Structures are given as C-alpha cells and as structure tokens.
Amino acid sequence: MKPMIFTLMEKPRQPLDLSPLTPDTLVNAGNCEQAAKIRLSLGATKISAGDLFSITGENPDDIELRRTTAQVTHVGAHMSQGRVSVKAHGGSYLGYGMKGGSIRVAGNCGDWLGCNMHWGRIDVDGDAGDYIGGGLRGSLYGMRDGLITVWGNAGRRLGGKMRRGMIMVHGSAGDFAGAGMIAGTILILGKSGKLPGYGMKRGSIILGKTPEQTGSTLINCGVLKMEYLRLFFKQLSRMGKRYRFFRNFGPEVRLYAGDTANNGKGELMVLLNAHK
C-alpha cells in the first residue's frame, strides 16, 4: 500500500498544529476523503485538512508530509503507532508526548523536539533547535524513554530532566546539555558547549570532544578504559549503515563524576578514541 501523502498547498502565515495527523487518528478516518475532514488549528481558527493539503495514498499507518515549513507544530504528537515521514521542515514540538512508532525528518526541526516523549524513535537528518528531549516548563521529567537521533547540530539544553532513553547528536550541541538529567544517555560527537551535565542526578553523557567549560562540581577522575563502551558501540554499529562508524570507537575516556552538588551519581565521559 502507498503511504498517505499530505502536500501543503500554501505556506501558512500562522502556526499550524498538525497533531491530529497521526496514524492513530487516520486509521480511524480510513480514507483520503475522511482525512480531508479532520479539523486543524491554524492560529486561533479551525480549518479542514483538505483546505490546506492535497491528500493522496491509502495507507493511514504510513504518513508522509511534504512542503511543510517552520510554522508547523506538533507533528506526530502523542502518536503510539505507525510511521510519519517529513520531507521538509519538521517544525517545533515534533514528537511531543510520543508513545510509539517512528518519525523521520529529511530536513531541519525547531525547538522542543521529542519533548515529554514516552517511547518511539525520531531521526532528524538536519539540525534541531533547543530543548531536545526536554520537559515542558513545569514538568517533572523530560523524555521518559525512546531514541532521538540528530544527524546535524543541536541547540541548548538538550536532554534537560530526561528520565530514560537516548539522545544522539552527530554534530555539535549548545550549552547545558543534560542539565538536570535524572537518567538516560546523551551522546554528542561534535563540539559541545558550556557546562554539560550541570545539575545532573544520574545518567551518562558521552562527548566526542572536550567541552568548552566543565562545571566545578564535576570531579575529574582521569583517563580510564570503560569496557562496557565496547559493547555499547558494537550495538550501535548494528543499527544500520549510518551507524557503522561506531565500530571504530574505543573505550578510552576522560571520566568526570558528578554533579557532586546533586547526588554525584552521574558520569560525563570525553572519548579519546572516537574516529568517525
């Protein structure tokens, strides 16, 4: 079956909430005619999907979004099944509250990628903004499980208050990566900004390069061989062709323990043998 394709006919001038266009909703809609009747929020007004998108295809469990812009929001929000493929900009709040399934973005994304995510997988081929995998203001936790991969660069405060799961950034990331993280794994292969792991309680942050600045409450434990990283990188290398470069990574790291001002049970590791 061909995927159900939504092609945006005109660039929206106001934020366009696409949270209703998920496999969960469209499986119940059944066909393109019913999908066109789904109501979407464009700014403060409601409008039918058929007035904004040309809709083709027949598989509601496999959705493709085309010609989307940075004005779209909440792509794949709360989805629990199926696949969403974005062939343009993913907008902000992509994968918000996601419970399952997968999202693939061929372009860039805005802020709050995968925020409050519970499960599932998100792959972004381009760059992403701030607060990746974080929790909305007032939330106790950020992402609680799942996998987020950004093949470009990321913004500030990725993985803030994350509870479980993994975030991998192939490029560089901004300041305060993993701030307040409770558990989980963050892997940044490019440059990282200031104070990664600030206020972290537990969890692991793995960096490909020495950060601009480390916090004074992180304890430098020296150069060690973390043998479990051999298995970790081996498993990553088996996830697909794009991940095979992990076979060249070794377990030698400079280890920092902390944040000692906040339980001190987390770990920050700077890889010494990471050949991409």
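Residues numbered from 1 in each chain as written. Predicted model: local features only at pLDDT ≥ 70, side-chain atom pairs only at ≥ 80, totals over all residues. Heavy atoms only, no water.

1. Observations concerning the overall build of the protein chain
Next up, step 1: Scanning the protein chain for helices and strands turns up 3 helices and 17 strands.
Next up, step 2: Expected size for 276 residues packed as a compact globule is a radius of gyration near 19 Å; at 20 Å, the protein chain falls within 12% of this value.
Next up, step 3: In the protein chain, which comprises 276 residues, the proportion classed as buried is 54%.
Next up, step 4: Taking all contacts inside the protein chain whose residues are at least 6 apart in sequence as the whole, residues at least 24 apart take part in 43%.
Next up, step 5: Each charge sign in the protein chain was given a centre, from 36 positive and 21 negative side chains, and these centres are 5 Å apart. (Helix = DSSP H or I, 4+ residues; strand = E, 2+ residues; numbered from the N terminus. Rg over C-alpha atoms; globule rule 2.2 N^0.38 Å. Buried < 20%, exposed > 50% of the residue type's maximum accessible area, 1.4 Å probe, protein only. Contact = heavy atoms within 4.5 Å. Lys, Arg positive; Asp, Glu negative; His and termini not counted. Charge placed at Lys NZ, Arg CZ, Asp CG, Glu CD.)

2. As for the sheet that holds strand β3 (residues 39–42)
Next up, step 1: With mixed pairing, 4 strands are arranged side by side in an open sheet as β4-β3-β2-β7. Looking at strand neighbours, the two that pair on one side only are β4 (45–48) and β7 (72–73), the edges of this open sheet.
Next up, step 2: With 4 bridges connecting them, β3 and β4 associate as antiparallel partners. In the strand pairing of β4, Leu 40 is matched with Ile 47. (Pairing = 2+ DSSP bridges.)

3. Here's the deal with helix α3 (residues 228–237)
Next up, step 1: Of all the positions in α3, only Leu 229, Phe 232, Phe 233, Leu 236 and Ser 237 are classed as buried. For α3, the buried positions fall inside an angular range of 135 degrees around the axis, keeping them on one side.
Next up, step 2: Each element contacted by the buried residues of α3 is listed here: β12 (166–169), β13 (185–188), β14 (204–207), β16 (252–258) and β17 (266–271). (Arc of directions from axis to C-beta.)

4. Notes on the side chain of Thr 7
Next up, step 1: Among the secondary structure elements, Thr 7 is positioned in strand β1 (residues 3–8).
Next up, step 2: We classify Thr 7 as buried; its relative accessible area is 18%.
Next up, step 3: With residues near it in sequence (within four places) discarded, Thr 7 still touches Leu 52, Phe 53, Ser 54, Arg 66 and Arg 67.

5. Observations concerning the pairing of β17
Regular strands show a simple pattern: their side chains alternate between the two faces of the sheet.
Next up, step 1: Of all the 6 residues making up β17, 6 are buried; the element is thus mostly covered by neighbouring parts of the structure.
Next up, step 2: In the sheet, β14 pairs with β17 via 4 bridges, with the strands oriented parallel. Each bridged residue has a counterpart across the sheet, and for Leu 207 the counterpart in β17 is Val 270.
Next up, step 3: With 6 bridges connecting them, β16 and β17 associate as antiparallel partners. Opposite Arg 254, over in β17, you have Val 270 as the bridge partner.

6. Focus on the environment of Asp 130
Next up, step 1: Position of Asp 130 among the secondary structure elements: in the loop between β10 (121–124) and β11 (147–150).
Next up, step 2: When its relative accessible area of 15% is taken as the criterion, Asp 130 is described as buried.
Next up, step 3: Here the alpha-carbon distance between Asp 130 and Phe 245, two residues 115 residues apart in the chain, equals 26 Å.
Next up, step 4: If near-sequence neighbours (up to four positions away) are discounted, Asp 130 is found in contact with Asp 111, Trp 112, Gly 155 and Arg 156.

7. Structural notes on the environment of Gly 100
Next up, step 1: In this fold, Gly 100 is placed in the loop between β8 (83–86) and β9 (102–105).
Next up, step 2: When the C-alpha positions of Gly 100 and Gly 82 are compared, they lie 7.9 Å apart, and in sequence the two are 18 residues distant.
Next up, step 3: Leaving out residues up to four positions away in the same chain, Gly 100 has contacts with Met 79, Ser 80, Gln 81, Trp 119 and Gly 120.

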